[in-house]
Amino acid sequence: MKSQFKKVLPLALSATFMAPLTQAADLDITIQNLTSGMSFTPILAVAHTPDASLFEVGEAASAELQAMAEGGSLDGLASIGATINADALANPAGGLLLPGMSTTGDLMTADGNTVLSVVAMILPTNDGFIGLDNWTIPTEAGTYTVYVNAYDAGTEANDEIRGGGAPGTPGMPVPPPLADAIGENGSGVTTTSNNMTVHIHPGNIGDADQAAGVSDVQNTVHRWLNPVAKVTIVVN
Amino acid sequence: MKSRKKIKLLSLVVTSAMLLAACSDNDTDPVQPVPVPTPTSVDVTYEVTVTNLTNAQPLSPLGVIIHDEGHLWTIGETASLALETMAEGGDNSQLLALPVGLANASGMAPIGPGNSDTVSITIQDRVDSYISVATMLVNTNDAFTGLDKYNLAELAVGDSQTWRFAALDAGTEENSEAMSTIPGPADGGEGFNANREARNIVTYHAGVVTNADGLDTSVLDASHKFDNPVIRLTVTRIE
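Reading the values: the criteria
- Residues numbered from 1 in each chain as written.
- Chains lettered and ligands numbered in written order.
- Predicted model: local features only at pLDDT ≥ 70, side-chain atom pairs only at ≥ 80, totals over all residues.
- Heavy atoms only, no water.
- 1 Å grid on protein atoms, 1.4 Å probe; cavity = no way out; pocket = protein on both sides within 12 Å on 5 of 7 lines; lining within 4 Å.
- Points joined across faces, edges and corners; volume = space filled by probe spheres on them.
- Salt bridge = Lys/Arg side-chain N within 4 Å of Asp/Glu carboxyl O.
- Helix = DSSP H or I, 4+ residues; strand = E, 2+ residues; numbered from the N terminus.
- Buried < 20%, exposed > 50% of the residue type's maximum accessible area, 1.4 Å probe, protein only.
- pLDDT = per-residue confidence, 0-100.
- Contact = heavy atoms within 4.5 Å.

**Observations regarding empty space enclosed by the protein**
Taken as a whole and assessed by the stated rule, the structure comprises 1 cavity of 30 Å³ or more. Each pocket or cavity is described by its volume, and for the largest cavity that value is around 40 Å³. Together, Asn219, Thr220 and Arg223 of chain A together with Asn175, Glu177, Ala206, Gly207 and Val209 of chain B line the largest cavity.

Below you can see the structure in the form of structure tokens.
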């Protein structure tokens, strides 16, 4: 990141004179988990060119997005970011972002990286994620707020039972901090995924039985209504 | 300004004193006492109109305050006792009595689904304070909604601003939906109780589960479900 920034700086200086609409920017990005009972896996915020996109509603998820949405892995998306010269803020919370909590990081954007995308998996879900898609970074200094919805990657059936986070592995990953809150022995809410494209998440069903029932998530805790996250961007 | 006026007045007095001294035979005093202008208070009045957008969640009477300091709530932080009292039982009296309040007003009655209520609030001589509004979704454990700290300097006379707001969770009571825990007409149960804290931070609300959707112990039925937004709120400056 730092070396990239050094390379970018002369460009940024010239941009202020030549191309104000594509100039580099110095951003403070704050992501707040607005939900009462859901956690976010490591967050990825990337500034990139408008012709790129981490996901498109109504289109099938990429393998890299699938790995993030099903298991919280940022590796695939980060390597795509590197190949398209995106600027990345990865895992500012240093792990899970719990309900109500906020995390802040700096993002220096290179000339031409004029849009911002933010993703993180939502736990406990099978393939739910928070998604900000190609939000145009304002050129005017100031503080901007965006409310973000929960999406379903469409890559895994929402069975809501314990399983794994690797792509293609059914069930939900359960990291240690969530182990006590999530039930077991659920029979599974469903085995099919109706919409195989990225779409607004229909929400968890859950049940009231932590030792059996159809779901391992608690129906009075692990649910949400949109929006699920607030992203505050300070353009310096 | 004031000091310049004073100097002017003083010189008038001096001149007239000299005039008087010069025309001591004149028995009509030409100097009129200059009235000290009494500061008159100007009423600044706002109307807050809330429309209940839910299917079957009456809203508790609106609590409206004008203030300079503080917030009624902050997402991610613990609810105040005053907010907890409102969010669990619909009682806005402590919010209205907050020491930071410069003016307050309450709705006269709950607002039924599909209905609206308008509350007027007046403050003297201030146009740059903040307004906050809170109301409970009464067929829940501790769901509420409203407007936190809007800067009234944005509004000239006749201006208005409209928002649609999501349901929030005070985090001060577990969302059990159990019998006798919900104060609204769906249950007629207990309102405020200082105990029973859940996560104990204010967040967005996850919605209600109800007995129609897998929570057998819930006193709520399918009619009580809601989605965001739950209210439309307009603030209008009328004078």
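And the narrative resumes.
**Structural notes on the pattern of salt bridges**
Two side chains carrying opposite charge are able to pair once their charged atoms lie near each other. All names here are of chain B. Tallying each qualifying case throughout the model produces 6 salt bridges over all chains. Here Glu88 and Arg196 are joined by a salt bridge, their closest N and O atoms 2.8 Å apart. In this pair, Glu88 sits in helix α2 (residues 81-89) while Arg196 sits in the loop between β8 (168-169) and β9 (203-204), placing the two residues 108 residues apart along the sequence. The partner of Arg196 in a salt bridge is Glu173, and the shortest N-O contact between them spans 3.0 Å. Here the residue Arg196 occupies a position in the loop between β8 and β9, and Glu173 occupies one in the loop between β8 and β9, the gap between them amounting to 23 residues. Among the residues examined, Arg196 registers a relative accessible area of 23% and is labelled partly exposed. With relative accessibility at 3%, the residue Glu173 sits in the buried group. Look at the salt bridges and you will find they share partners, linking Glu88, Glu173, Glu190 and Arg196 into a network.

**A closer look at the confidence of the model for chain A**
Put simply, chain A has an average pLDDT of 91, and 91% of its residues get 70 or more. Note on residues 1-20 of chain A: pLDDT is under 50 here. Beyond four places in sequence and across chains, it has 16 contacts.

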